[in-house]
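Structural characterization, general
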Amino acid sequence: RGPGQGSLASAANTRPIVVMELGAAASTSRYGRLLSRGAPAGSLLNGEWLRVDADLVAHPRYVRRDVPELHLFYTGSAWRIVRGSDDPSGELLAEAVSAALHPATVGVSGWSLLEAETGAVRHCPEYEMVCDGPNTELQPFLMEELGRDFFLRVQLTRKVVWFVCPATGNVYHSAAKPGGPGGRSRPGKRYCHLCAKCFSANNFQSQHLANLHRPGRPTALVTVPDEAGGVHLLWRPPVDPTGQGPGITGYRVRVSVNDGISWQVGINDTGTSEARAIITNLVAAVPYRFQVAAVNCAGVGADSEPSPQLCVAPEHPPTPPPVASRMSDGLDLLSLAAANRRNDAAPGCTATETKVVRALSEGHCPASLEPLRHLSPARSFDVF
């Protein structure tokens, strides 16, 4: 998903790469337009958005051009479109849980929209925000229009984007190789907002992002079998020594059934930064090993050390009721861990939950002491 692609520089255009004043590069809007599309026909959510912030900000705010009561803003964990107010108190119409710095860099299929008939907010894979504009060497996008994290989050495939480097004011194209008149006669570049400079487009993914910005290796992977033929995976997230890297957005889980000789992807992306997952419907008596790797906007990091072999029992009782419903009384890990240390039966908890508490309290995974309802069926995955 890339920006709206206008006509590229014509063959008659032979002017060199444009050098703009830094003031122009630091502005927030010029030729690009933020468009939303993909909502049901007639929806107010489709259309053009105007930026509210004139200054450079971490997450810009917008209003609909012809429906000014619609506001688009970032809450700290999600992009939201609300009606009537530019804060979370307004009527929620759409939401995308994402770490993206700009609505146009939210991942593909990232939005959920309000259903007028039911009042429920449901996933809408067709809905998206895109930056549209001339997209030429003479009329390039600003990174504030594209989103400063654009080149880390958006897959360009064959699209070529003309943009202004915020660091220098130079205009570049994003193609890996030269192939045209004017600025296209030179290799392209891509902007890294984490380093605040442009790098060669040819090795931007394979070298720059891979060497500097992909997440580290998760540690302390623990497997806890449940009573329903599944397993809870818990681990420690990788540590970012700089504290400046992109946040973790999910985890990949790989599975081996031949003692680590070969691996296959069981979960491509958990879609959450929580360092835990539930794997369901494992085959009885098969020896499983698991690995996890963190995912961020720069790609997939290194795999953890494999877990010990695990076999689920050939027979197991029926699936217990969901954890969330059993934990609605608000019991947390502190009280459950205390009960476990006393070898007491924690009220309302299954044997699996007791084992998970033990793993947490012994420091095998992040001791965040969140309620066990976070280990809900919504985080369950079927690996086969």
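These figures come from a predicted structure and were not determined experimentally.

Examining the pattern of salt bridges
- Considering all chains together, one arrives at 15 salt bridges under this definition.
- Put simply, D132 and R33 hold a salt bridge, and the shortest N to O gap is 2.9 Å. Of this pair, D132 sits in strand 9 (residues 128-132) while R33 sits in strand 1 (residues 33-37); the two residues are 99 residues apart in sequence, bridging distant segments of the chain.
- A relative accessible area of 23% means that D132 is categorised as partly exposed.
- We note a salt bridge from R148 to E144, for which the minimum N-O separation is 3.1 Å.
- Given a relative accessible area of 25%, R148 falls into the partly exposed group.
- Taken together, the shared-partner salt bridges in this structure form one network comprising R33, E48, R65 and D132.

Points about the packing of aromatic side chains
- For the structure shown, the criterion picks out seven aromatic pairs.
- Ring geometry for F163 versus Y172: centroids 6.2 Å apart, planes at 50°, classification tilted.
- Exposure remark for F163: the relative accessible area of 0% places this residue in the buried category.
- Just above the ring of Y172 sits the side chain of K189; from NZ or CZ to the centre is 5.7 Å.

Some points on unusual backbone geometry
- Here the phi dihedral of A220 falls at roughly 55°; this positive angle occurs in a residue that is not glycine.
- One can find A220 in strand 15 (residues 219-225).
- Positive phi outside glycine occurs at D259, with the angle close to 60°.
- Locating D259 in the fold gives a position in the loop between strand 17 (250-256) and strand 18 (264-267).
- A relative accessible area of 43% means that D259 is categorised as partly exposed.

Re the nonpolar core
- Within the largest apolar cluster, 22 residues are counted, with the highest numbers of intra-cluster contacts made by L72, I81, W111 and Y127.
- Among the elements of the structure, strand 4 (70-74), strand 5 (78-83) and strand 6 (91-97) are those that each provide at least two residues to this core.
- Apart from residues lying up to four places away in sequence, L72 is in contact with L34, W49, P60, R61, Y62, W79, R80, I81, P103, W111 and M129.
- Core analysis: the next-biggest nonpolar cluster, separate from the first, contains 20 residues, C131, V154, C198 and F204 among them.

A short note on the confidence of the model for the chain
- Considering every residue of the chain, the mean pLDDT works out to 77; 74% of them sit at 70 or more.
- Across residues 320-350, where pLDDT falls below 50, the model places 41 contacts with residues more than four positions away in sequence or in other chains.

Side note on the environment of G216
- When you line up the elements, G216 lands in the loop between helix 4 (204-212) and strand 15.
- A relative accessible area of 31% places G216 in the partly exposed class.
- Residues G216 and P238 lie 22 residues apart in sequence; the distance between their C-alpha atoms is 5.1 Å.
- If sequence neighbours within four positions are ignored, G216 has contacts with P238, A294 and A302.

Comments concerning the sheet that holds strand 3 (residues 62-64)
- An order of 8-7-6-5-4-3-2-1-9 is seen for the nine strands of this open sheet, with the pairing classed as antiparallel. Because the sheet does not close on itself, it has two edges, and the strands there are strand 8 (121-123) and strand 9. Going across the sheet, the axis of each strand differs from the next one's by a mean of 25°, ignoring polarity.
- Two strands pair when backbone bridges link them, and strand 6 and strand 7 (residues 112-114) are joined in this way by two bridges, in the antiparallel orientation. Paired with E95 across the two strands is S112, which belongs to strand 7.

About the thresholds
Going along each chain's sequence as written, the residues are numbered from 1 onward. Selection of residues for local features in this predicted model requires a pLDDT of at least 70, selection of side-chain atom pairs for listing and counting requires 80 or more, and totals for whole chains, interfaces and linings are taken over all residues. As a rule here, side-chain values cover all heavy atoms of the structure and leave hydrogens and water aside. Here, a salt bridge means any Lys or Arg side-chain nitrogen found within 4 Å of an Asp or Glu carboxyl oxygen. Numbering of helices and strands runs from the N terminus, with a helix taken as a DSSP run of H or I at least four residues long and a strand as a DSSP run of E at least two residues long. Residue exposure (1.4 Å probe, protein chains only): buried if accessible area is under 20% of the type maximum, exposed if over 50%, otherwise partly exposed. Geometry of aromatic contacts follows a simple scheme: Phe, Tyr and Trp rings, the Trp one being its six-membered ring, pair when their centres are within 6.5 Å, and the pair is stacked under 30 degrees between planes, edge-to-face over 60, tilted otherwise. A ring is scored as having a charge over it whenever the NZ atom of a lysine or the CZ atom of an arginine sits within 6 Å of its centre and within 35 degrees of its normal. Residues belong to one nonpolar core when they are buried, are Ala, Val, Leu, Ile, Met, Phe, Trp, Tyr or Cys, and are joined through side-chain atoms within 4.5 Å. It only takes one pair of heavy atoms within 4.5 Å for two residues to be counted as in contact. The predictor's confidence in any single residue is recorded as pLDDT, a number from 0 to 100. Two strands pair under a simple rule: DSSP has to find at least two bridges between them. For helices, the axis comes from a line fit to the C-alpha atoms of the stretch in contact; other axes are also lines fit to C-alpha atoms, and the angle between any two N-to-C directions lies between 0 and 180 degrees.

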